[in-house]
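What follows is each chain in one-letter form.
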Amino acid sequence: MGGFVKEIVMKEIVLLGSTGSIGTQTLDVCRTHSIKVKALSANSSVELLEKQAREFKPEYVCVRDERCFLDIKTRLSDTDIKVLCGLDGLCELAQLPCDTVVNSVVGMVGLRPTLAAASVGRTIALANKETLVAGGSLVTECIRKNNARLLPIDSEHSAIFQCLMGAGDNRIEKILLTASGGPFFGKTRSDLENVTREQALAHPNWSMGAKITIDSATLMNKGLELIEAVRLFDVRPEQIEIVVHRQSIIHSAVEFEDGAVIAQLGSADMRIPIQLALTYPQRLPCPAKKLSLFDVATLTFDRADEDTFTCLAAAKKAIAMDGNAPCIVNSANEAAVALFLSDKIRFLDIGEAVTQALADIPYIASPDLEDILSTQRAAEEYVYTKFGGH
Ligand code: MG
């Protein structure tokens, strides 16, 4: 190939949430391009964490609690790897000197590590959309003040980010945020009354963790992504149009003032956006399947049904309110999804729980970190008590 060798700029990452879907695919990318891993963290998958630690030889690992801490410490006792524990451990890892902190933990627990990394000016590759949704301007302000940088991993936001590469100062007129529609596209509320956990977990296009797969089935994921896009690209919620695109080939698009629309296309493989976040601004070869438009043949576009998928309507309402409202819908949803996954509530109750929590939990216009964390607790408690029978 002409003897031109691209030298990778990225040298070392800290990976928070290494045993989940994004985490393991991030390690695939590290393996492909010999990217060093300084630290790994897992919630409770200690066995996989040990395997990863033996392969990537990080300086640190971190786990959720005391029980996992003792377990992994014993397993790694023949190594020099330092073992940390809990949220404080995660925040310590987030501040280690490195080129990029990848935050792929699931849920609100990602907020403080993101703030910790931002406060020391790190480049953060963000897969944890919940913290940007709930943390809002706390996160974006902290990033701006400390000259930190966010690179999106979420496929849609990576697509928008890529559409803006080379856009200069040109203003975004509109973002076309694409949605697969999930497993229940075209269904009515009565169709969804007796949906099982297994049906909700069967996503047509993407292989992902349980929380985000349920969020895709309720369209809450698209609601969270809309809020995430408002934060990341500094647009008004009305500038974002959700387009149901069943094939997941167009990962999102940006319309400019002259009416030109730039879209990013590719196969539905998270390793493409993950790798770009790690090697940006370089593009390197990736093992993901190449896109063939002839194989796809047809691309379709539909409007989202907010009457059936009430989570999406609630998320839109929350970002219009801003303040702690996005945190309310996010935290209520986390609790409701946990209840649904343990067969305590029905599928349609998730939207009910999110909508009611937004109506009932007190609104705070300019929340600080304490307000955000107490809103989280209030919303979770509300859902567990009212819907989970706790
Ligand atoms: Mg996405």
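Bear in mind that the values here come from a model prediction, so they are computed numbers and not experimental data.

Colleague: What is the right way to read the domain arrangement of the protein from this model?
Modeller: In many reports, interface size means the accessible area that the parts give up when they come together. Domains assigned within the protein are domain 1 (12-152), domain 2 (168-269 + 292-318) and domain 3 (322-390). Placing the centre of domain 2 and that of domain 3 at their C-alpha centroids yields a distance of 22 Å. On the domain 3 side, the residues contacting the 25 residues of domain 2 number 20 residues. Where domain 2 abuts domain 3, roughly 1,900 Å² becomes buried across the two surfaces, and 70% of that area is made up of carbon and sulfur atoms. The largest per-residue losses of area from domain 2 upon contact with domain 3 belong to Arg197, Lys211 and Ala318, which jointly make up 27% of the total buried on that side. On the surface where domain 2 and domain 3 come into contact, there are 1 salt bridge. Its salt-bridge partner being Asp322, residue Arg231 comes within 3.1 Å of it at the nearest N-O pair.

Colleague: Where do I start with the packing of helix H5 (residues 111-119) against helix H17 (residues 369-386) in this structure?
Modeller: Angle between the axes and distance between the axes: these two values describe a pair of packed helices. Between H5 and H17, the least distance of the axes is 12 Å, while the angle of their chain directions is 160°. Considering the angle they form, H5 stands roughly antiparallel to H17. Read as a crossing pair, H5 and H17 show a hand that is right-handed. Side by side, H5 and H17 meet where Leu111, Arg112 and Leu115 of the first sit next to Leu369, Ile372 and Leu373 of the second. For the contact of H5 with H17, the class distribution of residues is 5 nonpolar, no polar and 1 charged.

Colleague: What is the right way to look at the sheet that holds strand S9 (residues 240-244) in this model?
Modeller: Whenever strands of a sheet pair, they do so through backbone hydrogen bonds, lying parallel or antiparallel. On the basis of which strands lie adjacent, the open sheet formed by 4 strands has the order S9-S8-S10-S11 and mixed pairing. Since the sheet does not close on itself, it has two edges, and those belong to S9 and strand S11 (261-265), each with one partner. If you compare each strand with its neighbour and ignore which way they point, the axes differ by 20° on average. Pairing between strand S10 (residues 250-256) and S11: 5 bridges, direction antiparallel. By the bridge assignment, Ile250 is partnered in S11 with Leu265. Across the sheet, helix H8 (residues 155-164) lies against strand S8 (172-179), S10 and S11, angled at about 40° from S10, the strand it touches most. Along the sheet, helix H11 (residues 220-233) contacts S8 and S9; its crossing angle with S8, the most-contacted strand, is approximately 150°.

Colleague: Looking at this structure, how should I read the pairing of strand S3 (residues 60-63)?
Modeller: Walk down a regular strand and you will see the side chains alternate between the two sheet faces. The two faces of S3 match: Tyr60 and Cys62 on one face and Val61 and Val63 on the other face are all buried. Two elements, strand S2 (residues 36-41) and S3, share 3 bridges in a ladder whose sense is parallel. Paired with Ser41 across the bridge in S3 is Cys62. A crossover links S2 with its parallel partner S3, the connecting element being helix H2 (residues 46-56), and its sense is right-handed. Remark: the S3/helix H3 (residues 66-75)/strand S4 (residues 82-85) crossover connection has right-handed handedness.

Colleague: I keep staring at the nonpolar core and nothing clicks. Help me out?
Modeller: Formed by 89 residues in total, the largest nonpolar core has its most connected members in Val61, Ile153, Phe347, Ile350 and Val383. Per-element tally for this core: the top contributor is helix H15 (residues 325-341), with 9 residues.

Colleague: Please clarify how unusual backbone geometry should be interpreted in this entry.
Modeller: In most cases, non-glycine residues show a negative phi, while peptide bonds are predominantly trans. The omega torsion across Tyr280 and Pro281 is 5°, close enough to zero to call that bond cis. Within the secondary structure layout, Pro281 lies in the loop between helix H12 (271-279) and helix H13 (293-296). Backbone geometry places Asn147, a non-glycine residue, at a positive phi of 55°. The residue Asn147 is located in the loop between helix H7 (137-145) and strand S7 (149-152) in this model. Overall, Asn147 belongs to the exposed group, its relative accessible area being 70%. With phi around 65°, Ala297 is a residue other than glycine that occupies positive phi space. Under the relative-accessibility criterion, Ala297 is labelled exposed at 65%.

Colleague: Explain the packing of aromatic side chains here, please?
Modeller: By convention here, two paired aromatic rings are described through the distance between centres and the angle between planes. For the structure on display, the rule yields 3 aromatic pairs. Both rings, one in Phe184 and one in Phe347, keep their centres 5.1 Å apart while their planes meet at 80°; by these two values the pair is edge-to-face. You can see Phe184 sitting in the loop between S8 and helix H9 (197-200) and its partner Phe347 sitting in helix H16 (residues 347-360), a full 163 residues away along the chain. You can call Phe184 buried: its relative accessible area is 5%.

Colleague: So what exactly am I meant to see when it comes to the coordination of the magnesium ion here?
Modeller: Any two of four tetrahedral donors ideally make an angle of 109.5 degrees at the metal, while pairs among six octahedral donors ideally make 90 or 180 degrees. Looking at the magnesium ion, one finds its protein donor set to be Asp154 (OD), Glu156 (OE) and Glu225 (OE), positioned 2.1 to 2.2 Å from the metal centre. As a motif over one chain, the donors of the magnesium ion read D-x1-E-x68-E. One end of the pair, Asp154, is in the loop between S7 and H8; the other, Glu225, is in helix H11, and 71 residues separate them in sequence. By relative accessible area, which is 1% here, Glu225 ends up buried.

Procedures and definitions
Residues numbered from 1 in each chain as written. Predicted model: local features only at pLDDT ≥ 70, side-chain atom pairs only at ≥ 80, totals over all residues. Heavy atoms only, no water. Domains from an automatic or database assignment. Contact = heavy atoms within 4.5 Å. Buried area = accessible area lost by both parts, 1.4 Å probe. Salt bridge = Lys/Arg side-chain N within 4 Å of Asp/Glu carboxyl O. Axes fitted to C-alpha atoms, helices over the stretch in contact; angles between N-to-C directions. Helix = DSSP H or I, 4+ residues; strand = E, 2+ residues; numbered from the N terminus. Parallel < 35°, antiparallel > 145°, perpendicular 65-115°, else oblique. Left-handed = near helix turned anticlockwise from the far one by under 90°. Nonpolar A, V, L, I, M, F, W, Y, C, P; charged D, E, K, R; others polar. Pairing = 2+ DSSP bridges. Buried < 20%, exposed > 50% of the residue type's maximum accessible area, 1.4 Å probe, protein only. Right-handed = clockwise from strand over helix to strand, strands pointing away. Core = buried A, V, L, I, M, F, W, Y, C linked by side-chain atoms within 4.5 Å. Phe/Tyr/Trp six-rings, centres within 6.5 Å; stacked < 30°, edge-to-face > 60°. Donors = N, O, S within 2.8 Å, 3.2 Å for Na, K, Ca; no water.

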